[in-house]
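Commentary on secondary and tertiary structure
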Amino acid sequence: MPLHCTECGFSNVEGANYCQRCGAFLADADGTVGAATASFRVGETGEFGELPDVTPGDGATLVIRAGGGRAGESFNLVGDRVTVGRRPDSEVFLDDVTVSRDHAVIVRRGVEFYLDDCGSLNGTYVNRRRIESHRLEDGDELQIGKYKLAFLHH
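A brief look at the structure comes next. One numbering rule holds for all chains: residues counted from 1, following each sequence as written. Predicted model: local features are reported for residues with pLDDT of at least 70 only, side-chain atom pairs are reported and counted for 80 or more only, and whole-chain, interface and lining totals are derived from all residues. In computing side-chain properties, one takes all heavy atoms of the structure into account and sets aside hydrogens as well as water.

Brief notes about the sheet that holds strand E7 (residues 81–85)
Using the following cut-off: Strand pairing follows a simple DSSP-based rule, namely that at least 2 bridges must link the two strands. To qualify as a helix, a DSSP run of H or I must reach at least 4 residues; to qualify as a strand, a run of E must reach at least 2; elements of each kind are numbered from the N terminus.
Spatial strand order, E8-E7-E9-E10-E13: 5 strands in an open sheet with mixed pairing. With one partner strand each, in any of the chains shown, strand E8 (92–93) and strand E13 (133–136) form the two edges of the open sheet. Relative to E8, E7 runs parallel, the two being bridged by 2 bridges. Bridging across to E8, Gly85 finds its partner in Phe93.

What follows is the structure, given as structure tokens:
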């Protein structure tokens, strides 16, 4: 049974987590998310290639979905503060000129995680919206420079 996007109305394939048209997060009628969604990337030749399934670790995890040839790489978010940027000592090191040295920080506040932009030149986006600070939810799509990442939280 297809899933209809609540944002744009597009009819998506069964089991999709994100709308194929607008990228909005999808949930089944009972509020649960489908078991698995295949992710694809377009290769240099223009052909689709499937990304490996990623199972998050315990707690919260960031998974690179696209960008820099690092799709599938994951970062477990441990501690109260996780730095994201082009600085080599960042906990989430994203080496590209589209990423500021000190681009963003993920802060744990109780059991919740917040993504705060650190005044980056190109901005920080969650679910295609530019943010200054945003409370992250399971399945959120982050864009930092040319990298697209998924926030997964159990």
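Now that the structure is up, let's keep going.
With respect to the packing of aromatic side chains
This is how it is decided: Pairing of aromatic side chains here covers Phe, Tyr and the six-membered ring of Trp, requires ring centres within 6.5 Å, and sorts the geometry by plane angle: under 30 degrees stacked, over 60 edge-to-face, intermediate tilted. In this scheme, Lys NZ or Arg CZ marks a charge over a ring once it lies within 6 Å of the ring centre and within 35 degrees of the ring normal.
On inspection of all chains with the given rule, the structure shows 1 aromatic pair. Sitting above the plane of the Tyr114 ring, Arg109 keeps its charged end 4.4 Å from the centroid.

Some points on the pattern of salt bridges
This is how it is decided: When a carboxyl oxygen of Asp or Glu lies within 4 Å of a side-chain nitrogen of Lys or Arg, that pair is called a salt bridge.
Inspection of the entire model under this criterion finds 6 salt bridges. For Asp102, the salt bridge goes to Arg87, with nearest N and O atoms at 2.8 Å. Within this pair, whereas Asp102 is found in the loop between E8 and strand E9 (104–109), its partner Arg87 is found in the loop between E7 and E8, the two being separated by 15 residues in sequence. The salt bridge partner of Arg135 is Glu137, with a shortest N-O separation of 3.4 Å. One salt-bridge network, held together by shared partners, links Glu112, Arg135 and Glu137.

Observations concerning the nonpolar core
Stated formally: Throughout, nonpolar core names a set of buried Ala, Val, Leu, Ile, Met, Phe, Trp, Tyr and Cys residues whose side chains join them through atoms within 4.5 Å. Accessibility here uses a 1.4 Å probe with only protein chains present; expressed as a share of the type maximum, an area under 20% marks a residue as buried, one over 50% as exposed, and anything in between as partly exposed.
Leu62 and Ile106 are the most contacted members of the largest nonpolar core, which totals 22 residues. Elements that contribute at least two residues to this core include exactly strand E5 (60–66), E7, E9, strand E10 (112–117), strand E14 (141–144) and strand E15 (147–153). Among the nonpolar cores identified, the runner-up in size contains 6 residues, and Leu3, Cys5, Ala16 and Leu26 belong to it.

With respect to unusual backbone geometry
One non-glycine residue with positive phi stands out, namely Asn127, at about 50°. Position of Asn127 relative to the elements: it lies in the loop between strand E11 (124–126) and strand E12 (129–131). For Arg128, which is not glycine, the phi torsion reads 70° and is therefore positive. Following the sequence through the fold, Arg128 ends up in the loop between E11 and E12.

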